[in-house]
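Spelled out, the chains give:
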Amino acid sequence: MSEPIFPGDEELETMLREAKDLKASVSLRAMGTNRMLGDLHLAGMEPGLAIHLLGAKRRDLLPDEGTMVTLSIILGDQVVSLDSPVLSPLEAAKGDTGFPPVLRLAWPTRGIELKRRRDMRMASADQAPLVGTLKAMDQSWAVKVLNLTETGMGLALPASANLPLRQQVQVQTTLPGGALFSCHGEIRHLMHMEGDALPTRAGVVFWGQPGEGQDDLRRFIQDRRTDRSHSLREPEELD
């Protein structure tokens, strides 16, 4: 996790106005849950007091006032994230369906995080992993791809795949829709999960660009991002 930075109010206001002018994509996640509300955009602000968001529908399950949420803004090649409590929304009079609610978040005081967009991992606990094959040292093992970015992946391996750090590997999997994805990389992280059918967790960093399926990978990542952004639109309460 990157360390938060603390821009001044004027600098933060400039960043938010840029995101508003660019109609940057915004999503909202209630902290401590996988529930997300996507397809939002910045509608305005009360500098030093509140941030306004549009895109929510009257039928959406909105977070209650006081709920701590993480706001993520896709701004060019960066993702700007900040934590803030929800304020009371701006709503039209009851029975007036012509105006959607305007969500309001308190002006952030906990700092912001900046991450590279390509490093944001797609796939989470509520999304099914992909089945794949890992090859190394003239052997092959069935694995699960738990998360995937344009620069690396997280794998679940069987206990028999007793591979060391820095081991060179090849991984193949089939993306939804039938596209083959193949890559070469190096194991950079290892962890053991007691009692799991695939107990070894491995983080693999790609060498350069994946050898096959780069365009399909980008489409897959965008589809997963869309899946997650719609998950709050299901009839389930926020924790």
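Residues numbered from 1 in each chain as written. Predicted model: local features only at pLDDT ≥ 70, side-chain atom pairs only at ≥ 80, totals over all residues. Heavy atoms only, no water.

### A short note on the overall build of the protein
Part 1: If you tally the helices and strands in the protein, you get 2 helices and 13 strands.
Part 2: Across the protein, every contact between residues at least 6 apart in sequence was considered, and the portion connecting residues at least 24 apart equals 61%.
Part 3: Total accessible area computed for the protein in this model is approximately 13,100 Å², and 50% of it derives from carbon and sulfur atoms. (Helix = DSSP H or I, 4+ residues; strand = E, 2+ residues; numbered from the N terminus. Contact = heavy atoms within 4.5 Å. Areas by Shrake-Rupley, 256 points an atom, 1.4 Å probe, with all protein chains shown as cover.)

### Points about the nonpolar core
Part 1: Counting 26 residues, the largest nonpolar core has Leu 28, Leu 53, Leu 71 and Ile 73 as the members making the most contacts within it.
Part 2: Looking at this core, the elements with two or more residues in it are α1 (9-21), β1 (26-30), β2 (36-46), β3 (50-54), β4 (68-75), β5 (78-90) and β6 (102-106). (Core = buried A, V, L, I, M, F, W, Y, C linked by side-chain atoms within 4.5 Å. Buried < 20%, exposed > 50% of the residue type's maximum accessible area, 1.4 Å probe, protein only.)

### Details of the pattern of salt bridges
Part 1: The full count for this structure, using the stated rule, is 4 salt bridges.
Part 2: Here Arg 17 makes a salt bridge to Glu 13, at a shortest N to O gap of 2.9 Å. You can see Arg 17 and its partner Glu 13 sitting in helix α1, 4 residues apart, about one turn around the helix.
Part 3: By relative accessible area, Arg 17 is classed as partly exposed at 39%.
Part 4: One salt bridge in this structure joins Arg 104 and Glu 46, with 3.3 Å as the shortest N-O distance. Of this pair, Arg 104 sits in strand β6 while Glu 46 sits in strand β2, and the two are 58 residues apart along the sequence. (Salt bridge = Lys/Arg side-chain N within 4 Å of Asp/Glu carboxyl O.)

### Looking at the pairing of β5
Part 1: Two elements, β4 and β5, share 8 bridges in a ladder whose sense is antiparallel. Bridging across to β5, Leu 75 finds its partner in Gln 78. (Pairing = 2+ DSSP bridges.)

### Section: the environment of Gly 44
Part 1: Residue placement: Gly 44 occurs in strand β2.
Part 2: Overall, the relative accessible area of 13% leaves Gly 44 in the buried class.
Part 3: C-alpha of Gly 44 to C-alpha of Asp 21: the two residues are 23 residues apart in sequence and 9.9 Å apart in space.
Part 4: Once residues lying within four places of it in the same chain are set aside, the contact partners of Gly 44 are Lys 20, Ile 51 and His 52.

### Regarding the sheet that holds strand β8 (residues 130-136)
Paired through backbone hydrogen bonds, the strands of a sheet run either parallel or antiparallel to each other.
Part 1: Reading around the barrel, the 6 strands line up as β8-β9-β10-β13-β12-β11 and close back on themselves, with antiparallel pairing between neighbours. Mean inter-strand twist for the sheet, computed between neighbouring axes without regard to direction, equals 45°.
Part 2: Pairing of strand β11 (residues 168-174) with strand β12 (residues 180-192), which is carried by 7 bridges, proceeds in the antiparallel orientation. Paired with Thr 173 across the bridge in β12 is Phe 181. (Axes fitted to C-alpha atoms, helices over the stretch in contact; angles between N-to-C directions.)

### Focus: the side chain of Ser 182
Part 1: The topology assignment puts Ser 182 in strand β12.
Part 2: Overall, Ser 182 belongs to the buried group, its relative accessible area being 8%.

### Comments concerning α1
Part 1: Helix length check: α1 (13 residues) gives 18 Å between terminal C-alpha atoms against 18 Å at 1.5 Å per residue, within 8%.
Part 2: Looking at α1, one finds that the buried residues are Leu 12, Met 15, Leu 16 and Ala 19. For α1, the angular spread of buried residues about the axis comes to 95°, placing them on one side. The exposed residues of α1 that point more than 90 degrees off its buried face are Glu 10, Thr 14 and Asp 21.
Part 3: Looking one or two residues past α1, Lys 23 carries a phi angle of roughly 55°, positive in sign. (Expected span 1.5 Å × (residues − 1). Arc of directions from axis to C-beta.)

### Some points on the confidence of the model for the protein
Part 1: Across the protein, the average pLDDT comes to 79, with 77% of residues at or above 70.
Part 2: Looking at the elements of the protein, mean pLDDT is at its lowest for helix α2 (residues 214-229), recorded as 62, and at its highest for β8, recorded as 94.
Part 3: Throughout residues 122-126 the model reports pLDDT below 50, and contacts reaching past four residues in sequence, or to other chains, amount to 14 contacts. (pLDDT = per-residue confidence, 0-100.)

### A look at unusual backbone geometry
Residues apart from glycine generally show negative phi values, whereas peptide bonds are mostly found in trans.
Part 1: A positive phi angle is found at Asp 138, which is not glycine, with a value near 60°.
Part 2: Structurally, Asp 138 can be placed in the loop between β8 and β9 (139-148).

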